[in-house]
Amino acid sequence: MALTFTKIKDGGDVWGKKPVSVFDVTLDSSYPATPGYVINARDVGHKALYGAAIIGGNQASGAGNIIIDTDGAGTLATSVALRVFVTSTGVEVANGVSLATYVVRLAFIGL
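Scope of this entry: the structure provided in the associated data block.

Cut-offs used in this document
- Residues numbered from 1 in each chain as written.
- Predicted model: local features only at pLDDT ≥ 70, side-chain atom pairs only at ≥ 80, totals over all residues.
- Heavy atoms only, no water.
- Buried < 20%, exposed > 50% of the residue type's maximum accessible area, 1.4 Å probe, protein only.
- Helix = DSSP H or I, 4+ residues; strand = E, 2+ residues; numbered from the N terminus.
- Pairing = 2+ DSSP bridges.
- Axes fitted to C-alpha atoms, helices over the stretch in contact; angles between N-to-C directions.
- Salt bridge = Lys/Arg side-chain N within 4 Å of Asp/Glu carboxyl O.

Our focus in this paragraph is the pairing of strand β6 (residues 64–69). Here β6 shows one buried face, formed by Gly 64, Ile 66 and Ile 68, and one open face, formed by Asn 65, Ile 67 and Asp 69. Bridge analysis of β6 against strand β7 (residues 79–86) gives six bridges, and the strand direction is antiparallel. The residue bridging Asp 69 from the neighbouring strand is Ala 81, located in β7.

Rendered as structure tokens:
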């Protein structure tokens, strides 16, 4: 299974000169530990990404600490990684764990 991307109606915007798109991302039934879920710029309608921001999610997604991993250099990238950590331990979710009930709302900033 793969991630499911649902574009939010009227979720597009421009911040400064940077286009922004907003999606609900439904996770899947087999978490790929390290590097996590890779989200390519083209998956969300961009040529490249500066990054993404978590702006919401469903109740199930609150059970984990979710981060967006970028290269940290502040430059454009072709992808970002969505990583999930167990709230109580801070350890990354194990490879293969189902997170199919998690829906995370993300704002992607790119070109």
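From this point on, the discussion continues.
This part is about the sheet that holds β6. To summarise the sheet geometry, strands pair through backbone hydrogen bonds and adopt either a parallel or an antiparallel arrangement. Pairing is antiparallel across the open sheet formed by three strands, whose spatial order is β4-β7-β6. The open sheet terminates on both sides in strands that have one partner only, identified here as β4 (37–40) and β6. This sheet shows a mean twist of 25° between the axes of neighbouring strands, independent of strand direction.

Another point: the pattern of salt bridges. Here the structure, examined in full by the defined rule, presents three salt bridges. The partner of Arg 105 in a salt bridge is Asp 24, and the shortest N-O contact between them spans 2.7 Å. With a gap of 81 residues between them, Arg 105 in strand β8 (residues 103–110) and Asp 24 in strand β3 (residues 18–26) connect regions that are remote in the sequence. Arg 83 is the salt-bridge partner of Glu 92, the closest N and O atoms lying 2.8 Å from each other. You can call Glu 92 buried: its relative accessible area is 16%. On the basis of relative accessible area, Arg 83 is assigned to the buried category, the value being 17%. Residues joined in a network through salt bridges with shared partners are Asp 69, Arg 83 and Glu 92.

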